[in-house]
Amino acid sequence: MANNTKIEWTEHTANLWWGCTKVHEGCDHCYAHALARRWGNDVWGNDKPRKKIKSVWTDLLKYQKAAKTAGEIHKVFVGSMMDIFEKPMPLIDSKGKLLTENTGELRDKLFENISSGMYPDLMFLMLTKRPSNINKYIPDAWKANPPDNVMFGTSPVNQATSFTLIEQLLKVNGKRFLSVEPQLDNITLLPWLLTGEIHWVIQGGESGPGRRPFDTDWGRNLKAECQATNTPYFFKQIDKVQKIPADLLVREFPDKVIGCGSGSMCNALAQLSACKRAPAIVGFQL
Ligand code: SF4
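The shown structure was predicted, so the numbers you read here are calculated from the model rather than taken from an experiment.

S.K.: Can you tell me about the overall build of the protein, naming the residues and giving the values?
M.R.: When helices and strands are tallied, the protein shows 11 helices and 11 strands. Here the protein holds 286 residues, and 41% of them are scored as buried.

Structure follows, in structure tokens:
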């Protein structure tokens with residue numbers, strides 16, 4: 001099955017609804033908001049409803065089937081048109097009719113499906129600009145035992161948002177990643193990378209109309225910090241126009257926390273010592 005996204009660091013995206021409210025300066029040129037306006041969807045802001053996306057449940061089953069068939073773990077970015085940890089908001093259907101359920105109920109359904117083991121070959125990348133809400137909305141059981149197939153992530157864009165958002169993310173138990181995009185200033189992540197509690201860093205500049213400049217030395221600095229702390233590092237883009245210099249074109253994935261790529265068989269192979277990478281995977285401690 002083909003990937004359903006052009007985002008380089010994931011195989012798929014999944015959106016339970018469409019709409020959001022801007023949080024910080026990284027949201028200024030939000031692509032999902034611009035697209036909503038172009039399509040006539042009034043779903044941005046605290047006083048607007050969100051639009052339910054019905055197809056997500058059948059899509060997730062298709063992604064699971066394709067990953068299992070391929071014998072791979074496929075990554076699913078939740079969500080490119082929404083923020084999964086936004087407070088519960090009213091929902092409308094595709095015709096604009098107000099529904100009785102809200103976005104919090106859709107989120108609960110996804111978490112229940114994940115808890116029930118419905119998607120063993122998918123790794124859910126839950127990226128939010130509201131990491132202080134994660135512990136508020138995840139199931140209680142996840143706080144002590146986070147699911148193996150979920151990574152929680154946040155998006156700092158400068159040093160100030162790094163301090164706030166990463167400190168909030170570190171209060172969440174589980175696998176964690178950062179998507180530093182659109183990066184707007186030089187950032188050091190060293191204080192947090194040195195703890196070993198951040199398991200993947202993605203970095204990129206802004207693209208699209210009105211894009212703000214990205215200095216490739218910001219990329220080199222962060223790449224060096226990741227390399228010095230053995231943190232997998234993925235450079236996504238300067239601005240989607242300029243060519244990425246060869247020394248910055250590093251695209252690593254967090255294999256130790258995602259798994260070896262043997263899909264459902266991964267743990268079984270590791271336990272049987274039939275996997276060359278078993279020591280790294282089994283011995284990895286969060
Ligand atoms: S949090 Fe994400 S989806 Fe929401 S406005 Fe900001 S960039 Fe857009």
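Don't stop here, the text continues.
S.K.: I'd like a description of helix α2 (residues 56-70), backed by residues and values.
M.R.: Across its 15 residues, α2 extends 21 Å between first and last C-alpha, which sits within 8% of the 21 Å expected from 1.5 Å per residue. Looking only at α2, the buried set comprises Leu 60, Tyr 63 and Ala 67. An end-on view of α2 places all buried positions within 60 degrees of arc, on one side of the element. The exposed residues of α2 that point more than 90 degrees off its buried face are Thr 58, Lys 65 and Thr 69. The secondary structure elements touched by the buried residues of α2 are β1 (12-14), β4 (74-78) and β7 (122-128). Positioned one or two residues after α2, Gly 71 has a phi angle of 65 degrees, which is positive.

S.K.: Lay out the sheet that holds strand β11 (residues 233-237) with the relevant residues and their values.
M.R.: Ordered by their spatial adjacency, seven strands build an open sheet running β1-β4-β7-β8-β9-β10-β11, and the pairing between neighbours is parallel. Each edge of the sheet is formed by a strand with only one pairing partner; in this case those strands are β1 and β11. Neighbour-to-neighbour, the strand axes of the sheet open up by a mean angle of 25 degrees, direction not taken into account. Relative to β11, strand β10 (residues 201-204) runs parallel, the two being bridged by four bridges. Within β11, the position partnered with Gly 204 by the bridge is Gln 237.

About the cut-offs
Residues numbered from 1 in each chain as written. Predicted model: local features only at pLDDT ≥ 70, side-chain atom pairs only at ≥ 80, totals over all residues. Helix = DSSP H or I, 4+ residues; strand = E, 2+ residues; numbered from the N terminus. Buried ≥ 20, exposed ≤ 12 C-beta atoms within 10 Å, placed from the backbone. Expected span 1.5 Å × (residues − 1). Arc of directions from axis to C-beta. Contact = placed C-beta atoms within 7 Å. Pairing = 2+ DSSP bridges. Axes fitted to C-alpha atoms, helices over the stretch in contact; angles between N-to-C directions.

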